[in-house]
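# Summary of the model geometry
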Amino acid sequence: MVETAPREALIGKSLPNTEGVNKVTGVARFGADIHHPGMLHGIVVRSPHAHARIRGIDTSRAEAVKGVHAVITGADFPQLKLGDTVKMGVLSLDIYRISKLAMARDKALFHGHPVAAVAAATPEIAAEAAALVEVDYEVLPHVIDEVESMSPGAPVLHEDLFTAGLDVKPDVASNVSLKLEMGRGDIAKGEAEADVVVERSFKTQTVHQGYIEPEAESAWLKADGTLTVWADTQGPFGQRAQLAKIVGLPEPAITVIPMEVGGGFGAKSACRVSPLAAILSKKSGRPVKIVLSREEVLRATGPGVAATNWVRVGAKRDGTITSIDARMIYNAGSFPGSPLAGGTLVGFSPYKTPNLRIIGYDVVTNRPKVQAYRAPGGPPITFAVESVIDELAEKLGIDKLEFREKNAPEEGDLGPNDLAFNSIGLKSVLERVKDHPAWTGPMSEARNGGKVGRGLALGFWRGGTNTSSCELSVNGSGLITVIIGSVDLSLSRTAFMQIVCDELQVSPEDVHVRTGDTDSVGYTDGTGGSRVTYVTGTAVYNACQSALAILKERAARKLDVTPDVIDYAGGVFSARDIEDRSVSMVELAADSVGGAGVISVTGTATGMAPAPAYAAHVAEVEVDPDTGKVDVLKFTAFQDVGKAIHRDGVIGQIQGGVAQGVGWGLHEAYVWGDDGALQNASLLDYRMPTMLDLPMIDVELIEVPASEGPYGVRGAGEVPIVPPPAALANAIKDAMGIRMDQLPMSPENVFKRLMEGDAGAEDRRHWLGGNEEEDSGQDGMVAGVDTPDDE
């Protein structure tokens, strides 16, 4: 055996971003950077009404403008049928409605809904022609609020939408697309066993992901019938599947090339811009690029969900939770599909109880269709649950951390979906909080004469799984090339380089990782759900093991031994217990192109168990009693990450999630006019937090290995957005004695709540449409839906 120098592992280190130089020097290509000879520029014509029937569209004046090559409307798209779906991995998507979201047909369902599009030689000509498209609208009543949308007499958005999840299929169209029920045990029995029961209602608003890069996509349908799309997407394979149905092409005829993505956070999983560019290209015979403005992004893409929630929790004097009862109304926007199901798991997985009942509703309104936003569905319901948990601990006279610790699930306990948790680290997270100065140390001092408070909240994310693929090749020079199917949103390529370096024991400069298009790598589900490092990382790890097996077999042949006695260290293969018998990786790489055979392997991962992630956040705030302004003085995020592959990358993910969560909690909200139009469709008026609104966000990493996958890694990107609104609300309660029950907790809302005094402490059942005299306050939530009583 040949002695080699020990090699320092790269897993857990913070290496430079492999794409950093290209991005800061402008070499990296984003969607707006695509240019082709003869390329046209597309502009979208959007509805000025929140709800209107389209009686006719006249495009003749627009088509007459010099330099215009194509004008399209819904009539140019294949007419899909109700019930048409598209398979995307394990998911089945309602492509009939996705197509109508991309381009309106008979009705415009939100202010900004596309009704036509123009392609012209320049953006200016396209804009001029777009203004000449004449649409004959019959303006209809609109509805913005999710509870109002459920009420009798509310305008119905879709005449072909009937509530799913009922015992009897309804024959009357409804704005409630789904009633979801889940739970276990007996709520009445659990409440009878409780010594204290707390119930409250909560309301949150629509917020936007706030990605820096507006959507920008190009499409070119060539004369041979093939379509190439340069996509600003988180999921090229999913986009290809949807495009095939929307534009009426066979899937093999479409190639989706993912560009660099300037932020997505879930929103860029939707197929929104490329169908318009593709149909414009089909009609013009030229490549077409569409770049949205910031106003279009805010007004007409896919923001995060708004919700109205009611939560009731009972517990014994010793702190044992005996029952959890909840009603969730999630605002899907103009088409069905809010993250309701995800919200049920996020909100209730931090607590075990034998008696659980969750009833949720997916409700359509005349808002833009919501899309995923980091832990989709999690922040609104967690804001409600964690506020009630905090109040329950207060009424029981139990330390708030100890109360949470007592009811925290462990491996083998059942989640809300009655599936047993595998390896989870919530108890370890809480142990770290318990001994940390952020929780045990003295409170920060007020900086502006206000009152200071500290709050705690928990967060959960199940962890995405599905399928990932990669291709790994060992080149003749020893360079290792890896092509992944996942779009890199967060240092993924750098992390995968670290995995390859450690598994194949090579240097970073000898590994190149890039994202492939849909023709160059195997099927891979989209980047989202905190699945990429976990699942695609496993695919990369598996590819490394396959390559090593080939290399060991070739080394064994070269050394005239069997593969089972080959050891590998420091780039050298040696025969165990045999002196001076070795061959280097570089030699075997050279042999691969000299007749031994190319070394090229595929790595896949699918069917993995989830790797759940838990977090606990501790926030300190100062509240100005005269204005209601809340300043965040200190924020500490504790999170079980399984294993941090790129340590600084993981910390950055957590800090970014906290920043967005603080924005959701204190600043951000869509503001609607009486006409249903968004009033703050600019970053001047849509209030996102800046560096002046945030302290340095401290991060504590806890590493409890996941049940599967290499190194025990867990996804890190989703859960940090979940606890901040609740942690801030609990800190405000600690400072001022008021319980905030709506987001954002802006100066106006906090000041109003301060002025309400005790009157504001009553449960706001009117948010749920219920009768305030009723004991549970939930029956009115199902107004307009023929369902049996909840009891």
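Higher on the page you've got the structure.
Residues numbered from 1 in each chain as written. Predicted model: local features only at pLDDT ≥ 70, side-chain atom pairs only at ≥ 80, totals over all residues. Heavy atoms only, no water.

## Things to note about the packing of helix α7 (residues 236-247) against helix α8 (residues 274-284)
Between α7 and α8, whose axes approach to 10 Å, the crossing angle comes to 50°. Overall, the two elements α7 and α8 adopt an arrangement that is oblique. For the pair α7 and α8, the sense of crossing is right-handed. In this structure, α7 contributes Gln239, Leu243, Ile246 and Val247 to the contact, and α8 contributes Ser274, Pro275, Ala278, Ile279 and Lys282. Looking at the contact of α7 with α8 residue by residue, the classes come out as six nonpolar, two polar and one charged. (Axes fitted to C-alpha atoms, helices over the stretch in contact; angles between N-to-C directions. Helix = DSSP H or I, 4+ residues; strand = E, 2+ residues; numbered from the N terminus. Parallel < 35°, antiparallel > 145°, perpendicular 65-115°, else oblique. Left-handed = near helix turned anticlockwise from the far one by under 90°. Contact = heavy atoms within 4.5 Å. Nonpolar A, V, L, I, M, F, W, Y, C, P; charged D, E, K, R; others polar.)

## Remarks on the sheet that holds strand β14 (residues 288-291)
Paired through their backbone hydrogen bonds, the strands of a sheet run either parallel or antiparallel. Across the sheet, seven strands lie side by side as β3-β7-β1-β14-β11-β12-β13; this open sheet has mixed pairing. A strand with exactly one partner marks an edge of an open sheet, and here the two such strands are β3 (68-73) and β13 (254-258). Averaged over all pairs of adjacent strands, the angle between strand axes in this sheet comes to 20°, irrespective of strand direction. Those strands touched by α7 are β11 (216-221), β12 (227-231) and β13, and its axis lies near 140° from that of β13. (Pairing = 2+ DSSP bridges.)

## Observations regarding helix α15 (residues 492-504)
Relative to the 18 Å expected for 13 residues at 1.5 Å per residue, α15 spans 18 Å between its end C-alpha atoms, a close match to the ideal helical length. Counting buried positions over the 13 residues of α15 gives 13, a clear majority of the element. Within two residues after α15, Gln505 carries a phi angle of roughly 55°, on the positive side. (Expected span 1.5 Å × (residues − 1). Buried < 20%, exposed > 50% of the residue type's maximum accessible area, 1.4 Å probe, protein only.)

## A word on the sheet that holds strand β22 (residues 566-569)
Spatial strand order, β22-β23-β24: three strands in an open sheet with antiparallel pairing. Looking at strand neighbours, the two that pair on one side only are β22 and β24 (582-584), the edges of this open sheet. Strand-to-strand twist across the sheet, computed as the mean angle between neighbouring axes with direction ignored, equals 20°. The strands touched by helix α16 (residues 532-559) are β22, β23 (572-575) and β24; relative to β23, the strand with the most contacts, the crossing angle is about 50°.

## Topic: the packing of aromatic side chains
Applying the stated criterion across every chain yields a total of ten aromatic pairs. Between the aromatic rings of Phe421 and Tyr614, the centroid separation amounts to 6.3 Å while the plane-to-plane angle is 65°, which identifies the pairing as edge-to-face. Of the two residues, Phe421 sits in the loop between α12 (400-406) and α13 (426-434) while Tyr614 sits in strand β26 (residues 613-623), which places them 193 residues apart along the sequence. Grouping residues by exposure puts Phe421 and Tyr614 together as buried. Consider the rings of Tyr541 and Tyr711, whose centres lie 6.0 Å apart with planes at 85°: the pair is edge-to-face. Of this pair, Tyr541 sits in helix α16 while Tyr711 is found in the loop between β28 (697-702) and α19 (724-736), placing the two residues 170 residues apart along the sequence. What makes Tyr541 partly exposed here is its relative accessible area of 26%. We classify Tyr711 as partly exposed; its relative accessible area is 27%. Among the aromatic residues, ring-to-ring pairing joins Phe421, Phe460 and Tyr614 into one connected group. The ring of Trp220 has Lys222 sitting right over it, with the charged end atom 5.1 Å from the ring centre. (Phe/Tyr/Trp six-rings, centres within 6.5 Å; stacked < 30°, edge-to-face > 60°. Lys NZ or Arg CZ within 6 Å of the ring centre and 35° of its normal.)

## Remarks on the pairing of β12
For β12, a buried count of five out of five residues is recorded, marking the element as mostly surrounded by other parts of the structure. Alternating positions in β12 separate into two faces, Leu227, Val229 and Ala231 on one and Thr228 and Trp230 on the other, with burial throughout. Where β11 lies against β12, four bridges are found, and the strand directions are antiparallel. Following the sheet pairing, Trp220 is matched in β12 by Thr228. Linkage of β11 to β12, two consecutive antiparallel strands, is achieved through a turn of five residues, within which Gly225 is found at a positive phi near 85°. Summarising the sheet, β12 and β13 pair through five bridges and their orientation is parallel.

## With respect to helix α10 (residues 340-348)
Most of α10 is tucked away, with seven of its nine residues classed as buried. Of all the positions in α10, only Leu340, Gly343, Thr344, Leu345, Val346, Gly347 and Phe348 are classed as buried. Here the buried face of α10 lies against β9 (176-184), β16 (321-333), β17 (356-364), α11 (378-396) and β18 (451-461).

## So, the packing of helix α18 (residues 647-667) against α19
Helices that pack against each other are described as a pair by the angle of their axes relative to one another and the distance between those axes. Taken N-terminus to C-terminus, the directions of α18 and α19 make an angle of 55°; their axes are 7 Å apart at the nearest point. One element, α18, and the other, α19, form an angle in the oblique class. α19 is crossed by α18, and the crossing has right-handed handedness. Across the interface between the two elements, Val658, Gly661, Val662, Trp664, Gly665 and Leu666 from α18 touch Pro724, Pro725 and Leu728 from α19. Across the contact of α18 with α19, the residue classes break down as seven nonpolar, two polar and no charged.

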